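Topology and contacts: notes
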Amino acid sequence: MISTAQLTGMAIVPVSYHLNWKIQLKSWDRFQVPLPFARCEIAVGKPVRVPREAADAEREALRKQLEDELRSITRDD
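Here's a quick rundown of the structure. (Residues numbered from 1 in each chain as written. Predicted model: local features only at pLDDT ≥ 70, side-chain atom pairs only at ≥ 80, totals over all residues. Heavy atoms only, no water.)

Looking at the secondary structure, you find Glu69 in helix H2 (residues 56-73). Despite its burial, Glu69 remains without a salt bridge, the nearest opposite charge being carried by Lys46 at 4.4 Å. (Helix = DSSP H or I, 4+ residues; strand = E, 2+ residues; numbered from the N terminus. Buried < 20%, exposed > 50% of the residue type's maximum accessible area, 1.4 Å probe, protein only. Lys, Arg positive; Asp, Glu negative; His and termini not counted. Salt bridge = Lys/Arg side-chain N within 4 Å of Asp/Glu carboxyl O.)

Once that is clear, we can look at the layout of surface pockets. The computed volume of the largest pocket comes to approximately 380 Å³. Residue lining of the largest pocket: 14 residues in total, with Arg30, Gln32, Thr74, Arg75 and Asp76 positioned closest to the centre. Secondary-structure elements contributing two or more residues to the lining of the largest pocket are strand S1 (15-19) and strand S2 (22-24). Residues that form the lining of the largest pocket fall into these classes: three nonpolar, five polar and six charged. (1 Å grid on protein atoms, 1.4 Å probe; cavity = no way out; pocket = protein on both sides within 12 Å on 5 of 7 lines; lining within 4 Å. Points joined across faces, edges and corners; volume = space filled by probe spheres on them. Nonpolar A, V, L, I, M, F, W, Y, C, P; charged D, E, K, R; others polar.)

If you look at the biggest cluster of nonpolar residues, it comprises eight residues: Ile2, Ala5, Ile12, Val48, Val50, Ala54, Leu62 and Leu66. Going through the elements one at a time, helix H1 (2-8) and H2 are the ones with two or more residues in this core. Each residue touching Leu62, except ones within four places of it in the same chain, is listed here: Ile2, Val48, Arg49, Val50 and Pro51. (Core = buried A, V, L, I, M, F, W, Y, C linked by side-chain atoms within 4.5 Å. Contact = heavy atoms within 4.5 Å.)

Take it as geometry only, folks, not as evidence of what the structure does.
In structure tokens, the structure reads:
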């Protein structure tokens, strides 16, 4: 994703969600199925821009920044 953002010049916008009433499958990705009348909260983080001339070290720092932003907006219940 970092490479694609670097090539296109587009920002990466971290997005997460939380369902209050769901069935969570016991699969590798913990897929969630919303039940009727469930509420879905959507959290949007700060966009991360990757400069076209970014070196490997800067790309790794931006990847870490994106990971931290996703962790901060994600609710795990």
